[in-house]
Structure formats: structure tokens, C-alpha cells
Amino acid sequence: MASQLRWFQAGCLGDQYIAMQYGGLQTNAGFARLNHRGYDFGMRWLVGFMLVTVSVVAHGQDWAAHYEKLEYRIPMRDGVKLYTAVYVPKVENASPLVDKSHPILMERTPYGCHPYGTKQVSPHFGASKQFFDNRYIIVNQDVRGRFMSEGDFEDVRPIKEHRSGPTDADEVTDTYDTIEFLVHNVPRNNGRVGIAGISYPGGYAAMAVMCTHPALKAVSPQAPTGDWWRGDDFHHNGALMLQDCVEFFSGFGAKREGGPSEEERPTASIPRGDDAYDFYLKLGPLSNVDKLYFKGKQPFWNNVAKHPNYDAFWQARSLPQHIRNVQPDVLWVGGWYDAEDQYGPLACYRAMKARPGKGSNGLVMGPWFHGCWHLSEADKKDYPAWMVDRASLFKETIEFPFFDGRLRADSLSRVGQHDWLDGTDATVFNTSDETGQSNRFPTWPPKTAPFRLYVAPNGLAMKRPVASGSFTYESDPAKPVPYYPGMLASRNTAYMLPEKMEPEEAGTVTLVAPKLDYDVTVAGPLEVDLYVKSTGTDADFIVRVGELQGSPTLLSSVRFHRSDVMRAKYRGSLTNPTPLRPGKVERVRFRLNDVFHTFKNGTRLAVRIQSSWFPLVDRNPQTFCDIYQARPQDFVKATQSILYGPETPTSITLPLLSSQ
């Protein structure tokens, strides 16, 4: 079970929740109590996914009956050897649908390729059943410095644009060297390779798109870790995603002592108990994370604290900045409800579109949590049927056809006409449509027209207000606004769902537009343009866009479709922060991730603005400083004013489908 749990951690549930690297399973009462629309997002979710993972990636005894396991320690160009498990179909009286030479589908992972040993035939790779039925060769590899691979591990290792010599290595060259070995040494392979992965393994798949090995034909980075400062996992626009970051690195990435090992040790135990809000509030300044828990044993946390700005350290680790002249065909995959890596697939897809190469550039965005596009029919007892149905649609009509159409010779492909090769490069699901149908566009976003909502005296208006004024609230770091109502132990996912109704909190302002008299479909990123005044020298601004149904005077609850945070000191430059000028007008602009949603006739669009979102996001002291070195006295109350008027036109711009 431990091996499946490791895959489970890396994929559907998410990297932050459970420390599974050590064969143990940690849960808590708070996590088990999370519920939404009758679905238990606690232990039922966990157990359900454990079963899904076993069935999806192991298929019971069928693997042992139809596959043999080979183990290699593949030498890289610098001499480091990487552990690689290869599952090869046995020679058998195969059906006409299974050829005697087989494509290779590979995942490179930092989470371990358990179980080790050639007698243990149970790949943890998250490939769907179609790959098993068509007898793909499945390859799992420990990346350098993790588990049974040699070398030193480095989180989101930078890609080297310029190499010092033939032995200079990075993840791109490790991918190349691995493919070169596989096609020349693995029996019964057809010389064609595909790579896929979800979350952190999706980040390694994203690095693989820069690999130029001629055998690499198709790559699908799914929820890839595209940029850990701008929008994935651990920072959004410079604001630390506190709970995710601290809890993930408490169980991952401690400096390895000794050589390769089947197990890895945790960094620290974080005793948050059942109430994460209370724990992180009492933790105090961020400097206490290392002082009390990590104690110098977590290399990446130390780097996070040393690099608060978007400097060369982070830029070197930003995958979109490196994507250009891609040779293999690529399918980026993400979820509209992904709390961890929604930014990655969208940003990487845009980067490849801006700097195209030979390879095709595809995108799938669906109504899923992190990795839930691999749900199966058995999950309908724990998940909405529409989420599971669309996962099946993805696996059967998009993912498998994408790979099989490229990894089989034309005469052997069983994909037929629906092989995702018709030039349509974006399959996107409308989150207001529960019929299971997808929408296909030649590019994403499709052609849109700007629909601008202005902050106005009575809420939101479609015209710039003539009168000037402001909406004001107090932001107190000692009483930060919780990101989700109720007591939570682990970061939940339900806050990403639009179906949930959230009450208005103190320390926020909620603005509502007039009722729509026709359907409005939003397709693409949302642009935020704030004019603000603050009594502090720094602030966070969280903007949440959704809808209110009912009376415009009842602001007790809003359904949110997209939310994000901007740290105001980065309003002018991500690399060179500047303080706010107390009492002066400041302009803060940023982008919310894409939305594909139809707001129905009669809906009232709503926007909520606040300055804390805790403990999802760390507390801004509201004093301009290096927050990782902030002192208790740096945390001060501040009054935040959201301005409106002809000279201060605060607005949210929504991209509407041009046909409207």
C-alpha cells in the first residue's frame, strides 16, 4: 500500500496533505470533517483515492500476469546513475490489438518508484487502463538525488540554457540520456517514447518538452509545477502560500545523508493539531518556522527565506521562461478547481504558443481538483458524477488518443479519426455545464471582448462612476480573515468550488453588480485594476470574483469562481519591491487565472476584496520589510480603502466570448 500512497500524494490529493514518504499515513480529525454538498472530503476521499490509485495503476494481479519487471541503473553523462523500473509486456498470444513491439510511456518522479525489486510488479505510474490494455511499456524513474538514484537532489532544478561541456547535466539532459538508454536496451520497444506526470512529476514532464531526442514524440505535463513564485504551490504573486509550503517541506526534501535508499526521512514534525488557523497564528513571524521546526535541515525553505523577491533564483526555476522551439507534441492538462498548480499548465501553454517549435501545443482544462482527471467510475460515491464523467471523457477520448496516435506507427494506431490530431488545440470544459460536454477551440483563450465592471457607489457598475469615493475596511494581522469558514486542520480544496456559499467576513468588502438580463460566458484570464489607499507601507489584496443569487441587499453569501492574492509591494516590479505611501493613492494591477464559465440570466456578479486569507496565505505585517525576517512589532493594523471615481477607476475586466 505504501507505494500506491506515494503516487497518491503526488497526484490527485496533492503534495501538501499527507506525509507518506515513510510508509506511514497521517490524518487528522479536522481534515476528516470537511464536507461539501454531502461529499466527505476527509477519510472517504482519502480511502476512495487509495482504492482508485491501486486499481488505476496496479490493476490487481494483471500486471504480474502480463508484465515482467526490469531494473536498470542508467548512467547519465556526468556519471550519476538513476534508478529506473521498466515494466515490459510478456510475450504472449496477444490479441490483434496488441502489437509485438510496444511504445514506452515514462514518468520521472521525486516520490519514489516503490516497490523496489524485480519480484514486486506494481508500477505506481498514473496511466489509465487503456495503456495497460494496449500493452505499453511503463517506465518509472527516481530523479537524481531521490530514493534509489545517485546524485544530489535539488527542488525544481534550473534548466541550463548554456552548458559548460559534454558532462554538464540537468533534468533535460537526464531525460535525453534516459531515453537514449531505453530505446537501445529495453526489449520489444518500438523506438517511440512518451512522457507524462502529475504535479511535481508533471514539472519533470514539463522540463522534458525541451528534450530534443528524436524518439520522444509526445509529452503531457499535467498540473506541472511551472513557477513556484508567481502562481504555483508555494507563492502567488510573491505571497507565501503558508500552509502548503510549511507542511510539504516538513515531509519532503530534507538533505540526504548517505547514498541511495528505498526510504527518505522527513524534515520535521509540524504539530498543528485540529486547528491550523490557531496554530499558524500562534507560530508568529515566519522566522519561527526554521527556529522552532526545520532547524536548518530543510534546504529549500532556507532558499525561500533568502529569496523573497522574484530574483535570478526564481527566474531560473520558472519553466515558462525556458519553453521555446519545442520538438515533441505536447498536451498540457489542468483543473479549474486545482488549488495547487492551476497556473502551471496555463502559463506553460501560453509560453509555448508565444515561442512555437515543431511540436503541436494542446491544452485541456476541466472541472477537477488537483489530478482528479484520473478519477474512475468507482469514485462516484465520493465525487460529483459530472466530475467523474469528465475524467472518463478525458482519459478515453483525449489522453490515450493523444499518446497512441503519436507512439504507434500509423498502421498500428487504434485511435481512428478521433485522435486529437485535427488541429484543435484547446479542449476546455465550461464549469456551468454539467452535461459532460467539452468545448473545443483552435486556441485558448478564444476571441473575446473586454467586459469591464467598475467599483461604484452602489457596488459594481458597467460605466465609470462620475462621483468619487471609497469602500474601507480594517486589516488586522492579529485577526486575519480565514480562507474557509470553520475549524480546519489541513488545507482543504472545497474553497475552490463555486458551488460553496461563503459568508461575508469582517475585514472584507463585497460589491455586487445589477442583475444580468442575458447569459454571459467568460473565457480567459481576469484583469484586476485597483486604486487604493493604505495607512500601512505594505498590504496584500485578495480579489475574489463570483456571483450572488437573491436580493442585492443580502450580502451574506457569495459563490466564488476565481480568487487570488497580490502583494502590493510588487505592484511596480516583481524584483524590486517598493513601499506603499501611507495615505497616498496607489495603483495595484494583477491577473487572476483563467475562467470558462457562463453566468446565467438573472445572476448578479460579485467581487470581494480583502487583505488576508489565512492560513492559506501568510500574514502581511503591513510594514514594508523582508517578511521572512519580520519582527513581532512589524505587524500592525492598517486601514485599506478601495477607491472609485473618474480619476481612480477601480475595475475588474472579464473576457467575454466575442459572439456575445
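Criteria and thresholds
Residues numbered from 1 in each chain as written. Predicted model: local features only at pLDDT ≥ 70, side-chain atom pairs only at ≥ 80, totals over all residues. Heavy atoms only, no water. Pairing = 2+ DSSP bridges. Helix = DSSP H or I, 4+ residues; strand = E, 2+ residues; numbered from the N terminus. Axes fitted to C-alpha atoms, helices over the stretch in contact; angles between N-to-C directions. Salt bridge = Lys/Arg side-chain N within 4 Å of Asp/Glu carboxyl O. Buried < 20%, exposed > 50% of the residue type's maximum accessible area, 1.4 Å probe, protein only. 1 Å grid on protein atoms, 1.4 Å probe; cavity = no way out; pocket = protein on both sides within 12 Å on 5 of 7 lines; lining within 4 Å. Points joined across faces, edges and corners; volume = space filled by probe spheres on them. Nonpolar A, V, L, I, M, F, W, Y, C, P; charged D, E, K, R; others polar. Contact = heavy atoms within 4.5 Å. pLDDT = per-residue confidence, 0-100. Phe/Tyr/Trp six-rings, centres within 6.5 Å; stacked < 30°, edge-to-face > 60°. Lys NZ or Arg CZ within 6 Å of the ring centre and 35° of its normal. Core = buried A, V, L, I, M, F, W, Y, C linked by side-chain atoms within 4.5 Å. Arc of directions from axis to C-beta. Polar contact = N/O pair within 3.5 Å; in protein donor to acceptor, adjacent residues only side chain to side chain.

All right, on to the sheet that holds strand β24 (residues 604-610) then. Spatial strand order, β18-β22-β21-β24-β19: five strands in an open sheet with antiparallel pairing. Each edge of the sheet is formed by a strand with only one pairing partner; in this case those strands are β18 (501-503) and β19 (508-512). Direction aside, the axes of adjacent strands within the sheet are offset by 30 degrees on average. For β19 and β24, the ladder comprises five bridges, and the chain directions are antiparallel. Residue pairing across strands places Leu 511 opposite Val 607, the latter belonging to β24.

In this section: the pattern of salt bridges. This structure, assessed with the given rule, holds 35 salt bridges. Across the pair Arg 491 and Asp 244 runs a salt bridge whose closest N-O atoms are separated by 3.0 Å. In this pair, Arg 491 sits in the loop between β17 (469-475) and β18 while Asp 244 sits in helix α8 (residues 242-250), placing the two residues 247 residues apart along the sequence. On the accessibility criterion, Arg 491 (2% relative accessible area) is buried. Between Lys 380 and Glu 377 there is a salt bridge, with the nearest N and O atoms lying 3.2 Å from each other. Classification of Lys 380 by relative accessible area gives partly exposed; the value is 33%. Classification of Glu 377 as partly exposed rests on a relative accessible area of 47%. A cluster of three or more residues bridged by salt bridges with shared partners is formed by Asp 78, Arg 108, Arg 144, Glu 154, Arg 157, Glu 171, Asp 174 and Arg 317.

On inspection of all chains with the given rule, the structure shows 12 cavities of 30 Å³ or more. Lining the largest cavity are 20 residues, with His 236, Asp 338, Gln 342, Met 496 and Ser 563 sitting closest to its centre. Per-element accounting of the lining of the largest cavity gives the leading share, five residues, to strand β22 (residues 557-567). For the lining of the largest cavity, a count of residues per class yields eight nonpolar, six polar and six charged.

Judged by pairing direction, the sheet is mixed, and its 10 strands sit side by side in the order β3-β4-β6-β5-β7-β8-β11-β12-β13-β14 without closing on themselves. The outermost strands of the open sheet, each flanked by one partner alone, are β3 (67-75) and β14 (439-441). Sheet twist, expressed as the mean angle between neighbouring strand axes with direction ignored, is 20 degrees. Relative to strand β7 (residues 189-198), strand β5 (residues 102-109) runs parallel, the two being bridged by four bridges. Looking at β7, one finds that His 102 is bridged to Asn 189. Strand contacts of helix α15 (residues 385-407): β5, β7, β8 (216-222), β11 (329-335), β12 (361-366) and β13 (426-428), with the helix running at about 155 degrees to β8, the strand carrying the most contacts.

What follows covers the confidence of the model for the protein chain. On average, residues of the protein chain score 87 in pLDDT, and 85% of them reach the 70 mark or higher. Between residues 1-61, whose pLDDT stays under 50, and residues either more than four places distant or in other chains, the model counts 172 contacts. Contacts of residues 411-419 to residues separated by more than four positions or lying in other chains number 17 contacts, the stretch itself having pLDDT below 50.

Attention now moves to the packing of aromatic side chains. Taken as a whole and assessed by the stated rule, the structure comprises 48 aromatic pairs. On the numbers, 4.6 Å between centres and 70 degrees between planes, the contact of Trp 228 with Phe 234 is edge-to-face. Judged on exposure class, the residue Trp 228 and its partner Phe 234 are both buried. Counting every residue linked through ring pairs, the aromatic cluster contains Tyr 111, Phe 153, Tyr 200, Tyr 204, Trp 228, Phe 234, Phe 248, Phe 249, Phe 252, Phe 300, Phe 313 and Trp 314. Positioned above the aromatic ring of Phe 153 is the side chain of Arg 146, whose terminal nitrogen or guanidinium carbon lies 5.4 Å from the ring centre.

Our focus in this paragraph is the nonpolar core. Grouped together as the largest cluster of nonpolar side chains are 175 residues, with contacts concentrated most on Trp 332, Trp 444, Phe 541 and Leu 654. Sorting elements by how many residues they give to this core places α15 first, with 10 residues. One finds Leu 548, Val 558, Phe 560 and Ala 606 within the second-largest nonpolar core, a separate group that totals five residues.

Before going further, it helps to spend a moment on the environment of Pro 632. By the element assignment, Pro 632 lies in the loop between β24 and β25 (638-644). With relative accessibility at 59%, the residue Pro 632 sits in the exposed group.

Locating Gly 79 in the fold gives a position in the loop between β3 and β4 (81-89). The exposure class of Gly 79 is partly exposed, given its relative accessible area of 44%. Taking C-alpha positions, Gly 79 is 8.2 Å from Thr 167, a pair spaced 88 residues apart along the chain.

Within helix α9 (residues 276-283), the full set of buried residues consists of Ala 276, Phe 279, Tyr 280 and Leu 283. Angularly, the buried residues of α9 cover 90 degrees about the axis, an arc narrow enough to put them on a single face. Elements that come into contact with the buried residues of α9 comprise α8 and α10 (287-294). Between the side-chain oxygen of the N-cap and the backbone nitrogen of Tyr 277 there are 3.3 Å, and the N-cap of α9 in question is Asp 275.

Turning next to the layout of surface pockets. Reported here for the largest pocket is a volume of approximately 500 Å³. Forming the boundary of the largest pocket are 26 residues, of which Arg 230, Asn 237, Tyr 343, Leu 574 and Arg 591 lie nearest the centre. Those elements that place two or more of their residues in the lining of the largest pocket are α13 (319-322), α14 (343-354), β22 and β23 (586-599). When grouped by side-chain class, the residues that make up the lining of the largest pocket number 11 nonpolar, seven polar and eight charged.

This part is about helix α7 (residues 200-208). Along α7, nine of the nine residues are buried, which leaves the element largely enclosed by surrounding structure. Taken together, the buried positions of α7 are Tyr 200, Pro 201, Gly 202, Gly 203, Tyr 204, Ala 205, Ala 206, Met 207 and Ala 208.

Looking now at the pairing of β5. In terms of residue burial, β5 counts as a mostly covered element, since eight of its eight residues are buried. One ladder, built from six bridges, connects β5 with strand β6 (residues 137-142); its direction is parallel. In the sheet register, Arg 108 faces β6, and the bridge partner there is Gln 141.

Okay, the pairing of β22 next. Of all the 11 residues making up β22, 10 are buried; the element is thus mostly covered by neighbouring parts of the structure. Both strand β21 (residues 540-548) and β22 contribute to a ladder of eight bridges, which runs antiparallel. Following the sheet pairing, Phe 541 is matched in β22 by Met 566.

Take unusual backbone geometry next. Phi is mostly negative for residues that are not glycine, and the peptide bonds are mostly trans. With omega at -5 degrees, the peptide bond leading from Trp 444 into Pro 445 counts as cis. Position of Pro 445 relative to the elements: it lies in the loop between β14 and β15 (448-456). That bond from Phe 614 to Pro 615 is cis: its omega, -5 degrees, falls within 30 degrees of zero. Summarising the element assignment, Pro 615 is placed in the loop between β24 and β25. A positive phi angle, near 50 degrees, is found at Asn 237, a position not held by glycine. Tracing the chain through its elements places Asn 237 in the loop between β9 (235-236) and β10 (239-240). When its relative accessible area of 13% is taken as the criterion, Asn 237 is described as buried.

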